[in-house]
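# Survey of secondary and tertiary structure
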Amino acid sequence: MAQEVCAKCRKNISQAPKRYRCTSCGALFCPSCMDRHCLFCKAAVVEAAPGR
């Protein structure tokens, strides 16, 4: 499995039960760094299934 890291805090979220992905640029965020909008492109952020 590829290592997934939060785009903001750089924490490994590969084993985290929840992760959030930007609908436009695909940046991943952990639950503590997640916001409604991406930090980079300001698109919507939604919950993503593990490993995607």
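Keep in mind the model is a prediction, meaning the values are calculated, not measured.

Another aspect to go through is the overall build of the chain. Scanning the chain for helices and strands turns up zero helices and three strands. If you list the helices and strands of the chain from N to C, you get β-β-β. For 52 residues, the compact-globule formula gives about 10 Å, and the C-alpha radius of gyration of the chain, at 10 Å, lands near that figure. Buried positions account for 35% of the 52 residues belonging to the chain.

The next thing to look at is the nonpolar core. With 14 residues, the main nonpolar core has Ala-27, Phe-29 and Cys-38 as its most contacted residues. Within the residue set of this core, elements represented by two or more residues are β1 (19–22) and β2 (28–29). Contacts of Ala-27, omitting those with residues within four sequence positions, involve Ala-7, Tyr-20, Arg-21, Cys-22, Cys-38 and Phe-40.

The next point concerns the environment of Met-34. As for its position among the elements, Met-34 is in the loop between β2 and β3 (45–48). Residues Met-34 and Val-46, 12 residues apart in the sequence, show an inter-C-alpha distance of 9.1 Å. If near-sequence neighbours (up to four positions away) are discounted, Met-34 is found in contact with Tyr-20, Phe-29 and Val-45.

About the criteria used
Residues numbered from 1 in each chain as written. Predicted model: local features only at pLDDT ≥ 70, side-chain atom pairs only at ≥ 80, totals over all residues. Heavy atoms only, no water. Helix = DSSP H or I, 4+ residues; strand = E, 2+ residues; numbered from the N terminus. Rg over C-alpha atoms; globule rule 2.2 N^0.38 Å. Buried < 20%, exposed > 50% of the residue type's maximum accessible area, 1.4 Å probe, protein only. Core = buried A, V, L, I, M, F, W, Y, C linked by side-chain atoms within 4.5 Å. Contact = heavy atoms within 4.5 Å.

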